[in-house]
Amino acid sequence: MRNKAFDTKILAKGAILTAIVIVLQYLGQFIRFGPFSVSLVLIPIVIGAAMCGKGISSWLGLVFGIVVILTGDAAPFLAVNPFGTFVTVIAKGVLAGFAAAVVYQAIVKHNRFVAVLAAAIVCPIVNTGVFLIASRVFFFDLINEWANGMGMDAIKYMFVGLVGLNFVAELAVNVILSPAVVKVIDILQGRLAKR
C-alpha cells in the first residue's frame, strides 16, 4: 500500500509539472534572445528530475518537445525537414530531462543542493548540445544560408547566432531558479508533513 501512495504522489507531482511545462512553453514564446525563445520549461524539468526521477523528467522533456512543435517555435526548421525537426525537438527535451535526473541521482546522496545545481547546469547543456548536433545533421544547408546572410561562417553562426545569448540566459535562469524552487518545495512539504 505504501508503494501505491508513493506512486500516486509522484504521478500527481508529474501532472502538476506537466501543466507548468505547457504554460511556461506558451509564455516563453514571448521571451526571446536571438531567434528562439528561452526555454523556461527547463526549470520544471529539473524540478521533476529532483522530485520525481528519470521517468517523470523524461516525460516532461517529451511534453516540452511536443509543445515546441505545436506552438510553431520550430516552424523555420519544420518547413525544411519535418522528420529532422521532430527528432531534434523531441530528442533534446527527453534527453535533457533524462540527463538532469541521472546527474541529480548520482550526486544527491552527497549533497541535495549541489545535485539540483548540477542538474540545473546539465539540463540546458544537453538541450542545447542536442540542438546543435541535430542542426548540423539535419539543417546545415539552411543554417549555412542564414550564416551567409549575416556574413558569418556556418559553425560560428550556430554558436553565436542560434544559441549564444539564448543558452546563456537559459543556463543562468536554471542555475538561479531551479535550486531555489526545489528548496521552497522542500520547506512546504516539511510544513505539510508536520500538520
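Our structure is the block above this text.
It should be emphasised that the depicted structure is a prediction, and the values quoted were computed from it without experimental measurement.

Asks: Could you clarify how one ought to interpret the side chain of Ser135 in this entry?
Replies: By the element assignment, Ser135 lies in helix H6 (residues 112–138). At 2.8 Å, the side chain of Ser135 forms a polar contact with the backbone oxygen of Phe131. Setting aside residues up to four positions removed in sequence, Ser135 forms contacts with Phe140, Ile143 and Met158.

Asks: Whenever I open this one, the packing of helix H3 (residues 54–71) against helix H5 (residues 82–107) confuses me. Can you help?
Replies: Each packed pair of helices is defined by two parameters, the angle between the axes and the distance between the axes. Taken N-terminus to C-terminus, the directions of H3 and H5 make an angle of 155 degrees; their axes are 7 Å apart at the nearest point. Taken together, H3 and H5 sit at an angle that is classed as roughly antiparallel. Here H3 runs over H5; the crossing is right-handed. Contacts from Lys54, Ser57, Ser58, Gly61, Leu62, Phe64, Gly65, Ile66, Val68 and Ile69 in H3 reach Phe86, Val89, Ile90, Lys92, Gly93, Val94, Gly97, Phe98, Ala101, Val102 and Gln105 in H5. For the contact of H3 with H5, the class distribution of residues is 12 nonpolar, 7 polar and 2 charged.

Asks: Explanation requested: the packing of helix H2 (residues 42–51) against H5 in the structure shown.
Replies: Running from N to C, H2 and H5 cross one another at 40 degrees; their axes reach a closest spacing of 8 Å. Judged by the angle between their axes, H2 and H5 are oblique. For the pair H2 and H5, the crossing hand works out as right-handed. Residues Ile45, Ala49 and Ala50 of H2 form the contact with H5, whose participating residues are Gly97, Ala100, Ala101 and Tyr104. Across the contact of H2 with H5, the residue classes break down as 6 nonpolar, 1 polar and no charged.

Asks: Got a minute to help me understand the side chain of Asp73 in this structure?
Replies: Its location among the elements puts Asp73 in the loop between H3 and helix H4 (75–78). A relative accessible area of 12% places Asp73 in the buried class.

Asks: I'm lost on the nonpolar core in this one. Help?
Replies: A general trend in soluble globular proteins is that nonpolar side chains are found buried together. Counting 31 residues, the largest nonpolar core has Phe64 and Cys123 as its most contacted members. Within the residue set of this core, elements represented by two or more residues are helix H1 (2–28), H2, H3, H5 and H6. Of the residues forming this core, the biggest block, 8 residues, is contributed by H2. Of all hydrophobic cores here, the second largest spans 12 residues; its members include Phe139, Ile143, Ala154 and Leu162.

Asks: What should I look at first to understand a nonpolar patch on the surface in this one?
Replies: There is a patch of nonpolar side chains on the surface, built from Ile22, Tyr26, Ile66 and Leu70 and spanning about 360 Å² of accessible area. Mapped onto the fold, Leu70 is located in helix H3.

Asks: I'm lost on helix H8 (residues 154–162) in this one. Help?
Replies: Note on helix geometry: an α-helix contains 3.6 residues per turn, so any two residues three or four positions apart are oriented the same way. Taken together, the buried positions of H8 are Ala154, Tyr157, Met158 and Leu162. One side of H8 carries all its buried residues, which in axial view fall inside an arc of 105 degrees. The opening residue of H8, the one whose side-chain oxygen lies 3.3 Å from the backbone nitrogen of Ile155, is Asp153.

Asks: What is the right way to look at H3 in this model?
Replies: With 18 residues, H3 extends 25 Å from end C-alpha to end C-alpha; this agrees with the ideal 26 Å at 1.5 Å per step. Buried residues of H3: Ile56, Ser57, Ser58, Leu60, Gly61, Val63, Phe64, Gly65, Val67, Val68 and Thr71, and no others. After H3 finishes, the residue Gly72 shows a positive phi value of roughly 85 degrees.

What counts, and at which threshold
Per chain, residues are indexed from 1 in the order of the written sequence. Local features in this predicted model are restricted to residues of pLDDT 70 or higher, and side-chain atom pairs are both shown and tallied only at a pLDDT of 80 or more, whereas totals for entire chains, interfaces and linings draw on every residue. Remark: hydrogens and water are excluded; side-chain values derive from all non-hydrogen atoms of the structure. Secondary structure follows DSSP: runs of H or I at least 4 residues long count as helices, runs of E at least 2 residues long count as strands, and numbering of each begins at the N terminus. Within 3.5 Å is the distance limit for a polar contact, defined as a pair of N or O atoms, with the added protein rule that one can donate a hydrogen and the other accept it, and that residues adjacent in sequence qualify only through two side-chain atoms. We call two residues contacting when some pair of their heavy atoms lies within 4.5 Å. Axis angles are defined between N-to-C directions and span 0 to 180 degrees, where every axis is a line fitted to C-alpha atoms and, for a helix, only to the segment in contact. Angular relationships are summarised with four words: roughly parallel below 35 degrees, roughly antiparallel beyond 145, roughly perpendicular across 65 to 115, and oblique for the angles in between. A crossing counts as left-handed when the near helix is turned anticlockwise from the far one by less than a right angle, and as right-handed when that turn is clockwise. The nonpolar class holds Ala, Val, Leu, Ile, Met, Phe, Trp, Tyr, Cys and Pro. Asp, Glu, Lys and Arg form the charged class, and all remaining residues, Gly among them, are polar. Exposure categories follow from relative accessible area, calculated using a 1.4 Å probe and restricted to protein chains: below 20% of the type maximum is buried, above 50% is exposed, and the middle band is partly exposed. We call a set of buried residues a nonpolar core when its members are Ala, Val, Leu, Ile, Met, Phe, Trp, Tyr or Cys and they connect through side-chain atoms within 4.5 Å of each other. Patch construction takes residues with relative accessible area above 30% that form no salt bridge. Like charges are linked within 9 Å, and nonpolar side chains (Val, Leu, Ile, Met, Phe, Trp, Tyr) are linked within 5 Å. Each accessible area value is a Shrake-Rupley result obtained with a 1.4 Å probe; residue values ignore everything except the protein chains displayed when judging cover. The rule for a salt bridge is simple: a side-chain nitrogen of Lys or Arg has to be within 4 Å of a carboxyl oxygen of Asp or Glu. This arc describes the spread of directions from the helix axis toward the C-beta atoms. To estimate the expected span of a helix, subtract one from its residue number and multiply by 1.5 Å.

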